[in-house]
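# Structure at a glance
Given next are the chains, with one letter for each unit.
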Amino acid sequence: MKKIVLIYLATLCCVCVNAVDIKRYVKEGGTGNGLTWEAPTGDLASVLGLASQVDNLTVYVGEGSYVGDFVIPSNVSVTGKYDGKDGYINGNLHTLFIGDITLNSFLGYAEVEGSVKMCNATMVQVTVSDSRQEYGVWVENANGLDKSLLKGCIITNNNIGLQLTYGVAELERCVVYQNKKWGVYGKRGHLEARFCQFSENASTGIQMYSTDVSCRLYRCYISENKGGGFHGAETRDAMYTDSRQRFISCSFFNNHSQSTGSAIWARSRVYVDNSLFLFNQSEAADGAAIYCMFDGNQFVNCTIMNNKGGVCLSKNFGDRPGGEPDPLLVNCALWNNGEDFVNPFNRTYKLQTCAMQTGGSGIPELDAERGLILLEAENEGTTPGGMYIALDSNLVPKPGSCLINRGTPLNDTEALDYNGRHIGALGGTDIGACEYQGEYKWVPNIPGMKFFNIDYRLASTTYNGTAYYSLIPKGCEDPDTKRIETTFATIYLGTKRNAYAAIPDTPFMAVYREGKPGEKALCNILAKDENEGIFRWNYVEYISGKTRPVVKKHPSLKNYFLITVDGRTQNLKMYN
């Protein structure tokens, strides 16, 4: 009997249960069973009800309007704008959901006239507008580090565009505009936004309401909001990144507010790099583009121009204990703001290598020691020794600008400026958000080469007697002026014209950063991101003057490099 039981149990263990995955097709007015596109059903609610009986349900929805409050469970994928071809989205079709959607999985290629409440979910190319709720999109994930993703979405004409209540909301290439209150309202969690636009909202573009919410914005455009661009409390929740409000290569343009801080109202721990502040207007008597309540904020390589006031300091600024604060501004250019520093309470602040029209210490020797430049009122001029900002229409310094190579060198040797071009391209760091790249010419008798499926040529520029080299895409030469323009796809080489190599059979290349013999050098492994251009993915250290590291695809370990440095080999993972 015991033997029979064991055999029976072993048989049960060998039984395989196959997952049940089904597809259903929905079209307005459909009267079929939904098993095929030729016989679609018109009852979306009934189709979604099948989710509890199967493992995975894929729903394709054609053109039409679908009225009701729908729940999309975690095992369901709903794709709109469908016309019968799997894997193909017909952008000419309109799939409209009228009502409130609870989304726990995937919704793509549709319009929602109502609201979407997301939990650990993904939306792709969905327009959310005219919500009956207080919000257009609500993100409340199951756990603090869980993520909801919005990609290519438009959120408009709601009371609050997007409300973040818990977890991470990740936005990529989204537009949040013309909402009746805030564009984004954060209560708890972390907002991660890349290549997004927050514009023309009736109140603040991005409102980080509490100390439990943080954000990181990369190459975002915050403009024409009526209650200011960004308003941020001091974040203290260490669950999210480094608990800072972080802006990298962003533009704050033509925002308005009744109070000071028309572009940024910063309590503390707001960090901004390589960003533009232009034409922001505050109605307050002490109005300025940037308002700092406390110290602990920092702006690095920013251009602050043509605003009503540059930076305003509150009566509490500098009161926190903790020793000498970091500089408030580093490598920043302030010009034509009326007052660069609005300081009604005469608070002490620290600057480092900045250019401005007002706000110096009044002691020339002290200003010189800190690298401060007092700018002329004109953009360009002929006065010998005049400190002219000399920016072109793209806010890039012209050859005669006093900003070139006058900044403090950055710790990140591969940092990029506002335009995605290399900082330090001419051996130093400029003041302001946009780095002067030099006047390039093609190097003769050097054949073209291909990296990342882009045709490159070697080009050089000379500054203060030193030649600097870059690989520049062939299409970057103006056909009329023959001027060569560097772009986000430029590969900066430095002073070594041959310091690069392809990594065969991989989508990577190596660029060698070398100094004098015996100094530390870097072998940078570069990759191409469709959004960012060329960026450093990883690096290996070695000693200048010795044999350069050899980087190859590993012969046996999938997705690994095999790197040889000074006769020793090591493995490096190719992808995270």
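Remember, predicted model here, so these are calculated numbers, not experimental data.

Calculation rules
Residues numbered from 1 in each chain as written. Predicted model: local features only at pLDDT ≥ 70, side-chain atom pairs only at ≥ 80, totals over all residues. Heavy atoms only, no water. Helix = DSSP H or I, 4+ residues; strand = E, 2+ residues; numbered from the N terminus. Buried < 20%, exposed > 50% of the residue type's maximum accessible area, 1.4 Å probe, protein only. Contact = heavy atoms within 4.5 Å. Areas by Shrake-Rupley, 256 points an atom, 1.4 Å probe, with all protein chains shown as cover. Pairing = 2+ DSSP bridges. Axes fitted to C-alpha atoms, helices over the stretch in contact; angles between N-to-C directions. 1 Å grid on protein atoms, 1.4 Å probe; cavity = no way out; pocket = protein on both sides within 12 Å on 5 of 7 lines; lining within 4 Å. Points joined across faces, edges and corners; volume = space filled by probe spheres on them. Nonpolar A, V, L, I, M, F, W, Y, C, P; charged D, E, K, R; others polar. Core = buried A, V, L, I, M, F, W, Y, C linked by side-chain atoms within 4.5 Å. Phe/Tyr/Trp six-rings, centres within 6.5 Å; stacked < 30°, edge-to-face > 60°. Lys NZ or Arg CZ within 6 Å of the ring centre and 35° of its normal. Polar contact = N/O pair within 3.5 Å; in protein donor to acceptor, adjacent residues only side chain to side chain. pLDDT = per-residue confidence, 0-100.

### Quick notes on the overall build of the protein
A count of helices and strands for the protein gives 3 helices and 50 strands. If one aligns the C-alpha atoms of the protein with their principal axes, the spans along those axes are about 95 × 65 × 60 Å. When burial is assessed residue by residue, the protein has 52% of its 576 residues classed as buried. At a minimum sequence separation of 6, the contacts of the protein that also span at least 24 residues come to 50%. Total accessible area on the protein is roughly 26200 Å²; 49% of this is exposed by carbon and sulfur atoms.

### Brief notes about the sheet that holds strand β45 (residues 508-513)
Whenever strands of a sheet pair, they do so through backbone hydrogen bonds, lying parallel or antiparallel. The 4 strands are arranged β44-β45-β46-β47 in an open sheet whose pairing can be described as antiparallel. Unpaired on one side and paired on the other, β44 (500-503) and β47 (533-543) mark the two borders of the sheet. Here the average twist between neighbouring strands, direction ignored, is 25°. Across 5 bridges, the pairing between β45 and strand β46 (residues 520-529) is antiparallel. If you follow Ala-510 over to β46, its bridge partner there is Ile-525.

### Things to note about the pairing of β44
Alignment of β44 against β45, held across 4 bridges, turns out to be antiparallel. Residue Ala-502 lies in a different strand from β45, and its bridge partner there is Met-509.

### Considering the side chain of Ser-105
Mapped onto the fold, Ser-105 is located in the loop between β6 (95-103) and β7 (106-118). Taking relative accessible area as the criterion, Ser-105 reaches 11% and is therefore assigned buried.

### Looking at empty space enclosed by the protein
Applying the stated criterion across every chain, the model contains 1 cavity of 30 Å³ or more. Of the volumes computed, that of the largest cavity is approximately 30 Å³. Its residues assigned to classes, the lining of the largest cavity shows 8 nonpolar, 2 polar and no charged.

### Some details on the nonpolar core
Membership of the largest hydrophobic core comes to 79 residues, with the highest contact counts inside it found for Met-123, Leu-171, Phe-198, Leu-217, Phe-299 and Leu-329. Looking at this core, the element that brings in the most residues is β7, giving 5 residues.

### Looking at the sheet that holds strand β49 (residues 560-565)
Strand order across the open sheet formed by 3 strands is β48-β49-β50, with antiparallel pairing between neighbours. Of all strands in the sheet, those with a lone pairing partner are β48 (550-553) and β50 (568-573), marking the two edges. In this sheet, adjacent strand axes meet at a mean angle of 25° when their direction is disregarded.

### Remarks on the packing of aromatic side chains
Each aromatic ring pair is specified by the distance between its two centres and by the angle formed by the two planes. Considering all chains together, one arrives at 25 aromatic pairs under this definition. Aromatic pair Tyr-135 and Trp-138: ring centres 5.0 Å apart, planes at 65°, arrangement edge-to-face. Relative to Tyr-209, the ring of Tyr-185 has its centre 5.4 Å away and its plane inclined at 35°; by these criteria the two rings are tilted. One end of the pair, Tyr-185, is in strand β15 (residues 184-186); the other, Tyr-209, is in the loop between β18 (206-208) and β19 (213-218), with 24 residues separating them in the sequence. Classification of Tyr-185 by relative accessible area gives buried; the value is 11%. Over the ring of Trp-138 we find Lys-117; its NZ or CZ atom is 5.1 Å from the centre of that ring. Above the plane of the ring of Phe-195 lies Arg-173, whose end atom (NZ or CZ) is 4.6 Å from the centre.

### A word on the side chain of Asn-297
Residue placement: Asn-297 occurs in the loop between β29 (290-292) and β30 (298-300). A polar contact is formed between the side chain of Asn-297 and the backbone nitrogen of Arg-269, at a distance of 3.2 Å. Of the polar contacts made by the side chain of Asn-297, one reaches the backbone oxygen of Phe-294; its length is 2.8 Å. Ignoring anything within four residues of it in the chain, the contact list for Asn-297 reads Ala-266, Arg-267, Ser-268, Arg-269, Val-270, Cys-292, Pro-327 and Leu-328.

### What about the environment of Cys-250?
Examined against the element boundaries, Cys-250 turns out to sit in the loop between β22 (245-248) and β23 (251-253). Linking Cys-250 and Phe-277, residues 27 residues apart in sequence, is a C-alpha distance of 8.8 Å. With residues near it in sequence (within four places) discarded, Cys-250 still touches Leu-217, Tyr-218, Arg-219, Cys-220, Ile-222, Asn-274, Ser-275, Leu-276 and Tyr-418.

### Comments concerning the environment of Gly-318
Tracing the backbone through its elements, the reader meets Gly-318 in the loop between β32 (311-313) and β33 (329-330). As for Gly-318 and Met-293, which are separated by 25 residues in sequence, their C-alpha atoms are 9.0 Å apart. Setting aside residues up to four positions removed in sequence, Gly-318 forms contacts with Asp-295 and Arg-347.

### Considerations on the confidence of the model for the protein
Confidence along the protein averages 90 in pLDDT terms, with 93% of residues attaining 70 or more. In this model, residues 1-16 is a region of pLDDT below 50 whose contacts with residues beyond four sequence positions or in other chains number 0 contacts.

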